[in-house]
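# Topology and contacts: notes
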Amino acid sequence: MKKIVHHGSRPAGGVSLLADVHNSLRRPEFWSFAAWLDLITKYRRSRLGVLWMFVPPAMTVFLLGYFYSGLSSRNPFEFMPYMGMGYVLWRFITQVISESSGVMLSHRAFIMDGRTRFTDYVLRCLSKAALYFLAALLVVSVAFALSPEFSFMGFGTLLLTLPIFLVNLFSLGVVLALVGARYPDTHELTTTIFIFGFLLTPILWYPEHIPPGSARAMFMHANPAFHLIELVRGPMLGRPLTSITIVYVAVMTFALPVLAALLYRRYARFVPIWI
């Protein structure tokens, strides 16, 4: 008698993070289309539609940037690219972290169906945030073009720094997705941390304004968001990366994927039970 196997009883993947990422990238239909569908459904009832993706970054970069440039005694056209790039990268980070920490619970029905890899859900969060980032980057590009220190070579550095940025964000997203599945309060905790994280991250101010060796400098250098943002933003503005940032990012780029892979292999199988 032929044995009938019900594939919906267990989730797809969950054994090797690298294998699941490879398969997710080979079959991007679910996570790429779902991210785009999220944006379309969000703005379909508004008059401007997806143009609303450009309004918040435009208001932040040009209005808030002009205001804070006066407080910093800086040329507005020099400060707006600095603040604007910091803002869009910070929003990228917070969107991925916030959505990843609750992504397993929000996709419970899909997980119980068992036909989609867990990495697809994290990639959905990452690709959705990436669409907002690309829209905001167009706005920031205008601020860069208005800057007297504008250089096309600065945008070329994105080819090197942005992949490193994305690898770290994806790895962090995997870790938080697993932790969030086990501890639902993770989402609320990360939201609270963002409030203090924004104040500790040089977005509205310059890191050189902090006295070296002070407690504030220690908090700033311990902040991973600062180093990830500076990794991308610094070369675009012609600002040299400090040795602390280079070492911090190098260690993080090695440690985070390894941690994500170990946790994924050990705990991904328990996600359907936790949720």
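Above this text is the structure in question.
Attention in this report is confined to the structure presented alongside it. Note that the structure is a prediction, hence the values are computed from the model and not measured. (Residues numbered from 1 in each chain as written. Predicted model: local features only at pLDDT ≥ 70, side-chain atom pairs only at ≥ 80, totals over all residues. Heavy atoms only, no water.)

## Quick notes on the overall build of the protein chain
Assigned secondary structure in the protein chain consists of 14 helices and zero strands. Secondary structure of the protein chain in N-to-C order comes out as α-α-α-α-α-α-α-α-α-α-α-α-α-α. At 20 Å, the protein chain has a C-alpha radius of gyration in line with the 19 Å of a compact globule built from 275 residues. Buried residues in the protein chain amount to 47% of all 275 residues. Across the protein chain, every contact between residues at least 6 apart in sequence was considered, and the portion connecting residues at least 24 apart equals 79%. Summed over its atoms, the accessible surface of the protein chain is roughly 14900 Å², and 69% of this surface lies on carbon and sulfur atoms. Within the protein chain, the 12 negative side-chain charges are centred at a point lying 10 Å from the centre of the 23 positive side-chain charges. (Helix = DSSP H or I, 4+ residues; strand = E, 2+ residues; numbered from the N terminus. Rg over C-alpha atoms; globule rule 2.2 N^0.38 Å. Buried < 20%, exposed > 50% of the residue type's maximum accessible area, 1.4 Å probe, protein only. Contact = heavy atoms within 4.5 Å. Areas by Shrake-Rupley, 256 points an atom, 1.4 Å probe, with all protein chains shown as cover. Lys, Arg positive; Asp, Glu negative; His and termini not counted. Charge placed at Lys NZ, Arg CZ, Asp CG, Glu CD.)

## Regarding the packing of helix α4 (residues 76–100) against helix α9 (residues 158–182)
Orientation of α4 relative to α9, taken along the N-to-C sense of each, is 25°, at an axis distance of 8 Å. Classed by the angle they form, the pair α4 and α9 counts as roughly parallel. Crossing of α4 against α9: the hand is right-handed. Counted together, L89, F92, I93, V96, I97 and S100 of α4 and F165, L166, L169, L172, G173, L176 and A177 of α9 form the full contact between these two elements. (Axes fitted to C-alpha atoms, helices over the stretch in contact; angles between N-to-C directions. Parallel < 35°, antiparallel > 145°, perpendicular 65-115°, else oblique. Left-handed = near helix turned anticlockwise from the far one by under 90°.)

## Concerning a nonpolar patch on the surface
A contiguous nonpolar surface patch, about 440 Å² in accessible area, is contributed by F33, W36, L37, I40 and V50. Take I40: it is sitting in helix α2 (residues 29–43). Take I40: its relative accessible area is 32%, and that puts it in the partly exposed class. (Patch = residues over 30% accessible without salt bridge, like charges linked within 9 Å, V, L, I, M, F, W, Y side chains within 5 Å. Salt bridge = Lys/Arg side-chain N within 4 Å of Asp/Glu carboxyl O.)

## Remarks on the nonpolar core
Membership of the largest hydrophobic core comes to 61 residues, with the highest contact counts inside it found for M85, M104 and F165. Listed by contribution, the elements that provide at least two residues to this core are α1 (17–26), α2, α4, α5 (103–106), α7 (118–146), α9, α12 (224–236) and α13 (243–267). For F165, the contacting residues outside a window of four places in its chain are L89, F92, I93, L228, L231 and V232. Core analysis: the next-biggest nonpolar cluster, separate from the first, contains five residues, L39, Y43, M53 and Y132 among them. (Core = buried A, V, L, I, M, F, W, Y, C linked by side-chain atoms within 4.5 Å.)

## Observations concerning the side chain of T245
Residue placement: T245 occurs in helix α13. Side-chain polar atoms of T245 contact the side chain of T242, separated by 3.2 Å. (Polar contact = N/O pair within 3.5 Å; in protein donor to acceptor, adjacent residues only side chain to side chain.)

## As for the side chain of S69
Its place among the elements puts S69 in helix α3 (residues 55–71). Here S69 falls in the buried class, since its relative accessible area comes to 1%. Among the polar contacts made by the side chain of S69, one reaches the main-chain carbonyl oxygen of Y66 at a distance of 2.6 Å. Setting aside anything within four residues of it in sequence, one finds S69 in contact with R74, P76 and F79.

## As for the packing of aromatic side chains
This structure, assessed with the given rule, holds 14 aromatic pairs. Between Y82 and Y206 the ring centres are 4.1 Å apart and the planes differ by 15°, which places this aromatic pair in the stacked class. Of this pair, Y82 sits in helix α4 while Y206 sits in the loop between α10 (186–200) and α11 (215–222), placing them 124 residues apart in sequence. With respect to burial, Y82 and Y206 carry one shared label: buried. Among the aromatic residues, those joined into a ring-pair cluster are F79, Y82 and Y206. The residue whose ring lies beneath R233 is Y82, and the NZ or CZ to ring-centre distance is 3.9 Å. (Phe/Tyr/Trp six-rings, centres within 6.5 Å; stacked < 30°, edge-to-face > 60°. Lys NZ or Arg CZ within 6 Å of the ring centre and 35° of its normal.)

## Some remarks on the environment of L172
Residue placement: L172 occurs in helix α9. When the C-alpha atoms of L172 and P81 are compared, they prove to be 27 Å apart, with 91 residues separating the residues in sequence. With sequence-adjacent residues up to four places away left out, L172 is seen in contact with I97 and L256.

## A word on the pattern of salt bridges
Under the defined criterion, the tally for this structure stands at seven salt bridges. Its salt-bridge partner being K128, residue E99 comes within 3.5 Å of it at the nearest N-O pair. Remark: K128 occurs in helix α7 and E99 occurs in helix α4; sequence separation between them is 29 residues. Its salt-bridge partner being E208, residue R239 comes within 3.2 Å of it at the nearest N-O pair. A residue pair is termed long-range when its members are at least 10 positions apart, and R239 in the loop between α12 and α13 and E208 in the loop between α10 and α11 qualify at 31 residues.

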